[in-house]
Amino acid sequence: AFRGPLKVRWSDIDQYRHVNNVRFYAYAQEARITMMSTARAAFESTEPSENMWLVVRQDIDYLGQIRFRREPYQVHTGVTRLGNSSMSLAEELIDPATGDLLARARTVMVCALNDVPHPIEERSRQGLAQFSVEA
């Protein structure tokens, strides 16, 4: 899985002094984008592509409180399934200081061309395969 730091911003905190639940979706998005950017070399081609990735489902299990602090948390993002035109991702938000699992997200994305599901290109498949994990 891809591992990256997660810095909580002061604006992420709500009146209860923890991260507001809506921000978890943004954290999952940031981790997903960073993972896919890391695999960018496999996505690049001399031919332009009109393909786009659409989130078609996402759910989150909130397992602990995330509070503002200077030290970053950590997000692990992995590809659990690569289908013909879709992929499933698992993301975990972890406190590296304690090892506590604070949230778990599951995201399903579809590769689309003109808003219609489209087979995942081989170069994208190869780039994503490096982040494969068991579900």
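Below or above, wherever it landed, is the structure these notes cover. Per chain, residues are indexed from 1 in the order of the written sequence. Local features are withheld for residues below a pLDDT of 70 in this predicted model, meaning they are given only at 70 or higher, and side-chain atom pairs are given and counted only at 80 or more; totals for whole chains, interfaces and linings count all residues. To obtain the side-chain values, all non-hydrogen atoms of the structure were used and water was disregarded.

## Topic: the overall build of the chain
Thinking step 1. Within the chain, the regular secondary structure consists of three helices and six strands.
Thinking step 2. The helix count covers DSSP runs of H or I at least four residues long, the strand count covers runs of E at least two residues long, and both are numbered beginning at the N terminus. In sequence order, the chain lays out its α and β elements as β-α-α-β-β-β-β-β-α.
Thinking step 3. For a compact globule of 135 residues, the expected C-alpha radius of gyration is about 14 Å, and the chain comes in at 16 Å, within 12% of that figure.
Thinking step 4. When accessible area is computed with a 1.4 Å probe and restricted to protein chains, residues below 20% of their type maximum are described as buried, those above 50% as exposed, and intermediate ones as partly exposed. Here the chain, with 135 residues, has 38% of them falling under the buried criterion.
Thinking step 5. For the chain, contacts bridging at least 24 residues in sequence account for 69% of all contacts bridging at least 6.
Thinking step 6. All accessibility values rest on the Shrake-Rupley procedure with a 1.4 Å probe; residue burial counts only the protein chains present in the view. Per element, the accessible surface of the chain, about 8100 Å² overall, is 50% carbon and sulfur.
Thinking step 7. Averaging the locations of the 16 positively and 17 negatively charged side chains of the chain gives two centres separated by 6 Å. The atom set for the radius of gyration is the C-alpha atoms, and the globule formula is 2.2 Å times the number of residues raised to the power 0.38. Whether two residues are in contact is decided by their heavy atoms: any pair within 4.5 Å suffices. The charge count includes Lys and Arg as positive and Asp and Glu as negative, but it does not include His or the ends of the chains. Here the site of a charge means atom NZ of a Lys, CZ of an Arg, CG of an Asp or CD of a Glu.

## What to know about the packing of aromatic side chains
Thinking step 1. Between the rings of Phe, Tyr and Trp (Trp by its six-membered ring), a pair exists once the centres lie within 6.5 Å; its type follows the angle of the planes, with under 30 degrees stacked, over 60 edge-to-face, and the other angles tilted. Considering all chains together, one arrives at four aromatic pairs under this definition.
Thinking step 2. Residues Phe2 and Phe131 carry aromatic rings whose centres are separated by 5.9 Å and whose planes lie at 85° to one another, so their mutual orientation is edge-to-face. With a gap of 129 residues between them, Phe2 in strand β1 (residues 2-6) and Phe131 in the segment after α3 (122-129) connect regions that are remote in the sequence. Comparing Phe2 with Phe131, the two get one shared label, buried.

## Some remarks on the pattern of salt bridges
Thinking step 1. The term salt bridge refers to a pairing of a side-chain nitrogen on Lys or Arg with a carboxyl oxygen on Asp or Glu at a separation within 4 Å. The full count for this structure, using the stated rule, is 10 salt bridges.
Thinking step 2. The salt bridge involving Arg23 is made with Glu30; its shortest N-O contact spans 3.9 Å.
Thinking step 3. You can call Arg23 partly exposed: its relative accessible area is 23%.
Thinking step 4. For Glu30, a relative accessible area of 32% gives the class partly exposed.
Thinking step 5. Salt bridges linked by common partners bring Arg9, Asp12, Arg23 and Glu30 together as one network.

## Structural notes on the environment of Pro5
Thinking step 1. Of note, Pro5 is situated in strand β1.
Thinking step 2. Classification of Pro5 by relative accessible area gives exposed; the value is 70%.
Thinking step 3. Here the alpha-carbon distance between Pro5 and Ala112, two residues 107 residues apart in the chain, equals 29 Å.
Thinking step 4. Leaving out residues up to four positions away in the same chain, Pro5 has contacts with Pro72 and Tyr73.

## Quick word on the nonpolar core
Thinking step 1. Grouped together as the largest cluster of nonpolar side chains are 16 residues, with contacts concentrated most on Val8, Val19, Ile66, Tyr73 and Leu93.
Thinking step 2. Of all elements in the fold, only α1 (21-38), β3 (73-82) and β5 (100-113) reach the threshold of two or more residues within this core.
Thinking step 3. With four residues, α1 is the single largest residue contributor to this core.
Thinking step 4. Beyond its immediate chain neighbours, meaning those up to four positions away, Tyr73 contacts Gly4, Pro5, Leu6, Val8, Ile66, Arg67, Leu93, Ile94, Asp95, Pro96 and Leu102.
Thinking step 5. Counting 10 residues, the second-largest nonpolar core is a separate cluster that includes Phe2, Leu89, Leu128 and Phe131. Among buried residues, the Ala, Val, Leu, Ile, Met, Phe, Trp, Tyr and Cys ones that are joined through side-chain atoms within 4.5 Å form a nonpolar core.

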